[in-house]
Amino acid sequence: MDRREVESGRNSPESNQPAAQISRLAIDIGGSLIKMVYFSSGNDNSVDYREEKSPLAVSTALEGKLHFLKFETSKINDCLDFISSRKQLLGGWKHDDHPGSDEKFIKATGGGAYKFTNLFKEKLGITLDKEDEMDCLVTGANFLLKTVQREAFTYMDGHEEFVQIDHNDLYPYLLVNIGSGVSMIKVDGDGKYERVSGTSVGGGTFWGLGRLLTKCKSFDELLELSHRGNNRVLDMLVGDIYGGTDYSKMGLSSTTIASSFGKAISRDKELEDYKPEDISRSLLRLISNNIGQIAYLNALRFGLKRIFFGGFFIRGHAYTMDTISVAVHFWSKGEAKAMFLRHEGFLGALGAFASYEKRNLDGLLSN
Ligand code: ADP
């Protein structure tokens, strides 16, 4: 198969191509966030201020870029306004199955594609053409891993390293998508996968519990708090129990967490004495650790060597990735490594985008 050159960059080479033409848009409407991917062709150097990632420049028969945007699901009207303000996004998309019909549609996935069907119809007059959520996650992950240069990387102790992916040796792998909840999917090929596990303790838990405990106003504020916090204030470490020493017979260092939030029971402190930044840090650690551990156990269960983590919870956030990496390293005794994706939050939206052609993204972009 002809491998497309897809690379990241806000600036495309200057040329005499016609002005930008936006065509085709797909959305993934999740419990917390709406992720949008759209393709603009032509010599488009514009970047919308809402763009979450640098556009991906695509060098194919059709020159252009993929754009990545997100909206909060609770503010879905912002998403509707964005689409209606760009009439090109709505122009001329006819359903392959109903070529004679004038009906306009966009590809959509995630639970919100069902929940908000009527809203899209009433406000924009468009039909949401639904694609299965897991199908889309897997299609999106496979596309990124096979086509986008320097997409996968490891992250440990502040050190990021890109992972070269051998296309002939990609499968099987475990895809761990950390959205509001967490899905763990064993991927054996294009369209070949099984959802083998999951946990309800995910990104929604971090944001929800974090809000309850710190009263912070936004997810970004909660993450920002975690930067400044110290988890040792609240987490009970092995050293706290063993008088500062390791429990070396069991391979547990004095800094290993024995009990997340275990020190909040201290009678020497009032509850108000615990700072929001320390709470946020311990919570992020608890959730990331737990997901890393469950992921590794599932990789072990199916003999999978590679674990890729995606979902908007990660947000390229250093401490989150570091904690997940340490958990996988710790439980696998250094045998396994966590890998992350640069476009981690857009797997589902990319998969929905690819489904326009019921083929893959390469096919779509070469039309
Ligand atoms: P879903 O499809 O369930 O909405 P996502 O992959 O979009 O899942 O991830 C949602 C999670 O991303 C949230 O639960 C939260 O932990 C995290 N997140 C990252 N950025 C934000 C944000 N700006 N607002 C809300 N949640 C965010």
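Numbering of residues begins from 1 in every chain and follows the order in which that chain's sequence is written. Only residues with pLDDT of at least 70 are given local features in this predicted model, and only at 80 or more are side-chain atom pairs given and counted; all residues enter the totals for whole chains, interfaces and linings. Excluding hydrogens and water, the side-chain values take into account all heavy atoms of the structure.

A. View of the packing of aromatic side chains. In summary, the pairing rule links any two rings of Phe, Tyr or Trp, Trp by its six-membered ring, whose centres are within 6.5 Å, and it sorts them by plane angle into stacked for under 30 degrees, edge-to-face for over 60 and tilted for everything else. Per the counting criterion, the structure on display carries 16 aromatic pairs. What links up through ring pairs into an aromatic cluster is the set Phe153, Phe162, Phe309 and Phe340. When the ring centre of tyrosine 114 is taken as origin, the NZ or CZ atom of lysine 130, which lies over that ring, is 5.7 Å away. Comment: the charge-over-ring label is applied if NZ (Lys) or CZ (Arg) is within 6 Å of the ring centre and within 35 degrees of the ring normal.

B. Local environment of the side chain of threonine 154. Labels follow the DSSP assignment, with helices taken as runs of H or I lasting at least four residues and strands as runs of E lasting at least two, numbered in each case from the N terminus. Mapping threonine 154 onto the fold places it in strand S8 (residues 152-156). Burial classes follow relative accessibility: with a 1.4 Å probe on protein chains only, a residue under 20% of its type's maximum area counts as buried, one over 50% as exposed, and anything between as partly exposed. On the basis of relative accessible area, threonine 154 is assigned to the buried category, the value being 14%. Dropping the residues within four chain positions of it, threonine 154 is found in contact with His159, Glu160, Glu161, Val163, Lys337, Ala338 and Met339. Contact between two residues is taken to exist if any of their heavy atoms lie within 4.5 Å; hydrogens are not considered.

C. Inspection of the site of the ligand at higher detail. Near residues are defined by distance, with any heavy atom within 4 Å of the molecule or strand qualifying the residue. Around the ligand, the structure places 16 residues, and the nearest of them are Ser32, Lys35, Ser180, Gly203 and Arg315. The backbone of leucine 33 places a nitrogen or oxygen atom 3.0 Å from an oxygen atom of the ligand. As used in this structure description, the phrase polar contact means that two N or O atoms lie within 3.5 Å; if the pair is within protein, one of them must be able to donate a hydrogen and the other to accept it, and residues adjacent in sequence are counted only when both atoms belong to side chains. Arginine 315 has a polar side-chain atom sitting 2.5 Å from a nitrogen atom of the ligand. Note on areas: Shrake-Rupley, 1.4 Å probe, and residue coverage restricted to the protein chains presented here. For the ligand, the protein covers 91% of the area, taking 570 Å² as the surface of the free molecule. Given that more than half its atoms are within 2 Å of the pocket grid, the ligand belongs to the largest pocket. Here the element with the most residues in the shell around the ligand is helix H6 (residues 203-214); it accounts for three residues. Residues are grouped as follows: nonpolar covers Ala, Val, Leu, Ile, Met, Phe, Trp, Tyr, Cys and Pro; charged covers Asp, Glu, Lys and Arg; every other residue, Gly included, is treated as polar. The residue makeup of the shell around the ligand, split by class, is five nonpolar, eight polar and three charged. Looking at which domains feed residues into the shell around the ligand, each of domain 1 (21-134 + 347-364) and domain 2 (203-234 + 274-341) supplies at least three. Only protein atoms enter the 1 Å grid, on which a cavity is a set of points fitting a 1.4 Å probe that cannot get out and a pocket is an open set with protein on both sides within 12 Å along at least 5 of 7 lines, lining residues being those with an atom within 4 Å of a point. The rule for placing a molecule in a cavity or pocket is simple: more than half of its atoms must lie within 2 Å of the grid points. Segmentation into domains, and thus their bounds, comes from an automatic or database assignment.

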